[in-house]
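Notes for the structure review
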Amino acid sequence: MSLRIVVTVKYVPDATGDRHFADDLTVDRDDVDGLLSELDEYAVEQALQIADEADDAEVTVLTVGPEDAKDALRKALSMGADKAIHVEDDDLHGTDALGTSLVLAKAIEKAGYDLVISGMASTDGTMGVVPALVAERLGVPQVTLLSEVSVEDGTVKGRRDGDTASEQLEASLPAVVSVTDQSGEARYPSFKGIMAAKKKPVQSWDLSDLDIEAEEVGLDGAYTKVEVVAERPARTAGTIVKDEGEGGKQLAEFLAGQKFI
């Protein structure tokens, strides 16, 4: 039986762009370019490596987001994923991590899965809680923050590196795992992969396809909301240290004053 791997990915604002909030205090995604979250690229890479080692495996990438989120799916497909699912619905606007986990879990169940792989966090929200929430909703084990992951004989195994020790973890499939940016460099899509991605299937689902009511998601259904935002202060001129024999001392005093040392 084929190993069914689902990779959750997110379309995020480019961190190098001028990001800001909209009038309703949600992230304004219209005035900044978006892309596949860099941390999710590691999840796609690990899924592809596991599939390469398996006798028979299929990798599906799943995202929840607006129309432009298809760009994140195309990137993952061009890396080598087999097919994609896009959950899009106007009522999803403003959905928080809890609501997102509900939508992902419902979509994963509908798609069918043996293993779910996620990045350690998204580069916009950086909460890092969605994999655990998805596992709880699915009622399956979670093995999170892995630097190394593999699947063998119906078991997912991995290494979690901490500040003082490394842990060897495992769980029986089906399961949810998340991988860190130390799990291995993500491959760059080849021209052949980019062209092939155009022919790979992308399913589109909305809330009704997942039996989710609008009140369960969006701003109205969110358990967490942004209450107040403030513009980042403008950059001020830096301090120039002229070395006339006392440069090292002045530099040390400056660093000490800023509590860098």
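This text follows the structure it describes.
This report concerns the structure included in the present document.

About the criteria used
All chains use their own residue numbering, which begins from 1 and follows the written sequence. The predicted nature of this model means local features are confined to residues of pLDDT at least 70 and side-chain atom pairs, given and counted, to a pLDDT of 80 or more, with totals for whole chains, interfaces and linings taken over all residues. Heavy atoms from the whole structure form the basis of all side-chain values; hydrogens and water molecules are not counted. Helix and strand labels come from DSSP, where a helix needs a run of H or I of at least four residues and a strand needs a run of E of at least two; each type is numbered from the N terminus. Relative accessibility decides the category of a residue: with a 1.4 Å probe and only protein chains considered, values under 20% of the type maximum give buried, values over 50% give exposed, and everything between is partly exposed. Between two residues, a contact is recorded if the distance between any of their heavy atoms is within 4.5 Å. Areas reported here follow the Shrake-Rupley algorithm with a probe of radius 1.4 Å; residue values treat only the protein chains shown as occluding. When charges are counted, Lys and Arg are positive and Asp and Glu negative, with His and the chain ends excluded. Taken as the charge location is NZ of Lys, CZ of Arg, CG of Asp or CD of Glu. Strand pairing follows a simple DSSP-based rule, namely that at least 2 bridges must link the two strands. Whenever a helix is involved, its axis is fitted only over the stretch in contact; in every case the axis is a line through C-alpha atoms, and angles between N-to-C directions fall within 0 to 180 degrees. In these notes the angle categories are as follows: under 35 degrees is roughly parallel, over 145 is roughly antiparallel, 65 to 115 is roughly perpendicular, and the rest is oblique. For a crossing to be left-handed, the near helix must be turned anticlockwise from the far one by less than a right angle; the clockwise case is right-handed. Each residue gets one label: Ala, Val, Leu, Ile, Met, Phe, Trp, Tyr, Cys and Pro are nonpolar, Asp, Glu, Lys and Arg are charged, and the others, such as Gly, are polar. Note: the arc covers the axis-to-C-beta directions of the helix.

1. Thoughts on the overall build of the protein
Of the regular secondary structure elements, the protein holds seven helices and 12 strands. A principal-axis box enclosing the C-alpha atoms of the protein has dimensions of 75 × 45 × 40 Å. The buried share of the protein, reckoned over its 261 residues, is 38%. In the protein, the share of contacts with a sequence separation of at least 24, taken over all contacts with a separation of at least 6, comes to 70%. A total of about 15,300 Å² of accessible surface is found on the protein, and carbon and sulfur atoms cover 47% of it. Of the side chains in the protein, 25 bear a positive and 52 a negative charge, and the two mean positions are spaced by 4 Å.

2. Topic: the pairing of strand β10 (residues 166-172)
Walk down a regular strand and you will see the side chains alternate between the two sheet faces. Pairing of strand β9 (residues 155-161) with β10 involves seven bridges; the strand directions are antiparallel. In the strand pairing of β10, threonine 155 is matched with serine 172. Hairpin connection between β9 and β10: a loop of four residues separates the two successive antiparallel strands.

3. Observations regarding the packing of helix α3 (residues 97-111) against helix α4 (residues 130-138)
It is the contact of α3 with α4, at a shortest axis distance of 9 Å, that shows an interaxial angle of 50 degrees. One element, α3, and the other, α4, form an angle in the oblique class. Of the two possible hands of crossing, α3 and α4 adopt the one that is right-handed. Residues Ala97, Leu98, Ser101, Leu102, Leu104, Ala105, Ile108 and Glu109 of α3 lie in contact with α4, whose contacting residues are Val130, Leu133, Val134, Arg137 and Leu138. Of the residues that constitute the contact of α3 with α4, the class distribution is 10 nonpolar, one polar and two charged.

4. Details of α4
Buried residues of α4: Pro131, Val134, Ala135 and Leu138, and no others. Axial view of α4: buried residues confined to an arc of 100 degrees, hence all on one face. Looking at the buried positions of α4, the neighbouring elements they touch are α3, β6 (115-119), β7 (142-146) and β11 (175-179). Phi turns positive, to about 70 degrees, at glycine 139, one or two residues after α4.

5. A look at the environment of glycine 257
Summarising the element assignment, glycine 257 is placed in helix α7 (residues 247-257). Given a relative accessible area of 56%, glycine 257 falls into the exposed group. Sequence separation of glycine 257 and aspartate 68 is 189 residues, and the distance between their C-alpha atoms is 46 Å.

6. Some thoughts on the sheet that holds β9
Across the sheet, three strands lie side by side as β8-β9-β10; this open sheet has antiparallel pairing. Unpaired on one side and paired on the other, β8 (148-152) and β10 mark the two borders of the sheet. With direction set aside, neighbouring strand axes in the sheet form an average angle of 15 degrees.

7. Description of the sheet that holds strand β1 (residues 3-8)
With parallel pairing, seven strands are arranged side by side in an open sheet as β7-β11-β6-β1-β4-β5-β12. If you trace the sheet from one side to the other, it starts and ends with β7 and β12 (202-205), each paired once. Neighbour-to-neighbour, the strand axes of the sheet open up by a mean angle of 20 degrees, direction not taken into account. One ladder, built from three bridges, connects β7 with β11; its direction is parallel. In the sheet register, valine 143 faces β11, and the bridge partner there is valine 177. In the packing of α3 onto the sheet, contacts are made with β1, β4 (57-64), β5 (83-87), β6 and β12, and the angle to β4 comes to roughly 150 degrees.

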